[in-house]
Amino acid sequence: MKPSDQFLAGAPSAPVRQPLLEVDRASVRLGNTQVFEDLSLTVGEGEFVALLGSSGCGKTSLLRTIAGFIQPRSGAIRVRGRDITGEPPDRRGMALVFQTYALWPHMTVAQNIGYGLKLRRLARGEIAAKVKDIAALLGLSGLEERKPAALSGGQRQRVALGRALAVSPDILLLDEPLSNLDARIRLSVRQEISALQRRLGITAIHVTHDREEAMVMADRIVILNAGRIAQIGTPEEVYNQPASAFVAAFMGAENRLRLTCSPASSEAGLSRLEGAGGAPALIATFGPAASGPCIAHFRAEAAELQATAPLAEPTRGFLALAGEIVQVSFPGGFWRHVVATPAGPLVVDAPRAWAAGAKVNVHIPETGLFVFPASQAES
Ligand SMILES: Nc1ncnc2c1ncn2[C@@H]1O[C@H](COP(=O)(O)OP(=O)(O)OP(=O)(O)O)[C@@H](O)[C@H]1O
């Protein structure tokens, strides 16, 4: 067990929920691109799931497949056990909110919010009452008669959200709904969506490429890499227990060292890491001790800069390597350093600034090191 696992033993795990949506071994091909193959995912009732990944990994295609705008070549989509793979989008009990709002420009806020209800032929009075409730819920009261052109970006996105919520969907699908908003508004709309989702207990699937957005909003994060699920877990799990070098780097542990691992024969459960230029390190790694070439990832804030001379003896519980500060910057709250080391440049954060040219010892505790066999890291 890796030390961080022990720390995690007390961390909240996603509660067990009734499955609402199942994507069962779905394969999607668009033109010549195999977007994903045999992809399976279960989303629980009332759960907020974020689909996170870099551009082109297949997040939007997966969302559109769930919504019914893309038909999988094989596999099935089920809601509460019912196969809806062949059902059109409007018969799936889902509502989609787009990045671009997609509001009707000639309609007022009230007409936009009530649009789905009108299509469902609800009585006028019923529509008016529901629109009033939704407008109040989203802080849009008083703006009902405005056209979208007379609203701010944040207000427009709330109208789009209101239109989606008005039809009381089983599942709310959010396709990067915050990416057109400026940074400050994005934070407040993010909080509003989260609070509303929890209050209404609605099931939501949210596509984003913003790591922090996924971390703060979701109960579980699905990390996609080139059409494959790289890991599914709570924000704490994917952050503290990345399943692969890809996930580690994607979740911010971007420093990468190429090392050689061997089981430390003298002490069970320890691996001996060497090859970064400093003394060998004896550290606890998760799973069976890796043997052969391996890759270690760590976060800039996980390491410490020290003025002490590097040790010649094997270190226990941390990896140390000698380096020289080559660049210093202040991104806010801490100082960021680029350190030249025999293993290549590393980025290390510190509470104070070290001078360029200073000789330092980069100290990385085992709790901050994510070690993977090189064969797995490069696959
Ligand atoms: N209509 C299409 N025809 C052919 N290939 C497509 C089509 N739409 C998307 N793709 C390809 O499918 C892959 C996944 O695209 P998708 O839009 O799902 O990714 P994404 O993760 O949502 O990216 P982004 O964050 O940039 O929106 C990409 O390689 C993309 O080029």
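Under an unreviewed UniProt entry, the protein has the name Fe3+/spermidine/putrescine ABC transporter ATP-binding protein and belongs to Labrys okinawensis. Comment text from UniProt for the protein, heading Subcellular location (unreviewed entry), reads "Cell inner membrane". The annotation that UniProt attaches to the protein under Sequence similarities (unreviewed entry) is "Belongs to the ABC transporter superfamily."

**Quick word on the site of the ligand**
Surrounding the ligand, one finds L30, T33, V35, S54, S55, G56, C57, G58, K59, T60, S61 and E176. Between an oxygen atom of the ligand and a main-chain N or O atom of C57, the distance comes to 3.1 Å. The backbone of G58 places a nitrogen or oxygen atom 3.0 Å from an oxygen atom of the ligand. Burial of the ligand by the protein amounts to 58% of the accessible area it has alone, namely 640 Å². Among the elements of the structure, β2 (33–44) and α2 (59–67) are those that each provide at least two residues to the shell around the ligand. In terms of residue count, α2 provides more of the shell around the ligand than any other element does, three residues in total. Here the shell around the ligand is composed, by residue class, of three nonpolar, seven polar and two charged.

**Quick word on the pairing of strand β3 (residues 48–52)**
For a regular strand, side-chain orientation follows a simple rule: the groups alternate between the two sheet faces. The buried count for β3 comes to five of five residues, which makes it a mostly enclosed element. Both faces of β3 are covered, namely the face carrying F48, A50 and L52 and the face carrying V49 and L51. Sheet topology places β3 next to strand β8 (residues 203–208); five bridges connect them, and they run parallel. Considered in β8, the bridge of L51 is made with V207. For β3 and strand β9 (residues 220–225), the ladder comprises four bridges, and the chain directions are parallel. For L52, the partnering residue across the bridge sits in β9 and is I223.

**Regarding helix α6 (residues 183–200)**
Compared with an ideal rise of 1.5 Å per residue, which puts 18 residues at 26 Å, α6 spans 26 Å between its outermost C-alpha atoms and is within 8% of the ideal. For α6, the full list of buried residues reads V189, R190, I193, S194, L196 and Q197. Down the axis of α6, the sector holding all buried residues measures 165°, keeping them to one side. Exposed and oriented more than 90 degrees from the buried face of α6 are R184, Q191 and R199. Buried-residue contacts for α6 involve β3, α4 (124–137), α5 (153–166), β7 (171–175), β8 and α7 (211–217). Just downstream of α6, G201 is the residue with a positive phi angle, here 65°.

Reading the values: rules and limits
- Residues numbered from 1 in each chain as written.
- Predicted model: local features only at pLDDT ≥ 70, side-chain atom pairs only at ≥ 80, totals over all residues.
- Heavy atoms only, no water.
- UniProt positions renumbered as here; feature names shortened; annotations may be inferred.
- Near = heavy atom within 4 Å.
- Polar contact = N/O pair within 3.5 Å; in protein donor to acceptor, adjacent residues only side chain to side chain.
- Areas by Shrake-Rupley, 256 points an atom, 1.4 Å probe, with all protein chains shown as cover.
- Helix = DSSP H or I, 4+ residues; strand = E, 2+ residues; numbered from the N terminus.
- Nonpolar A, V, L, I, M, F, W, Y, C, P; charged D, E, K, R; others polar.
- Buried < 20%, exposed > 50% of the residue type's maximum accessible area, 1.4 Å probe, protein only.
- Pairing = 2+ DSSP bridges.
- Expected span 1.5 Å × (residues − 1).
- Arc of directions from axis to C-beta.
- Contact = heavy atoms within 4.5 Å.

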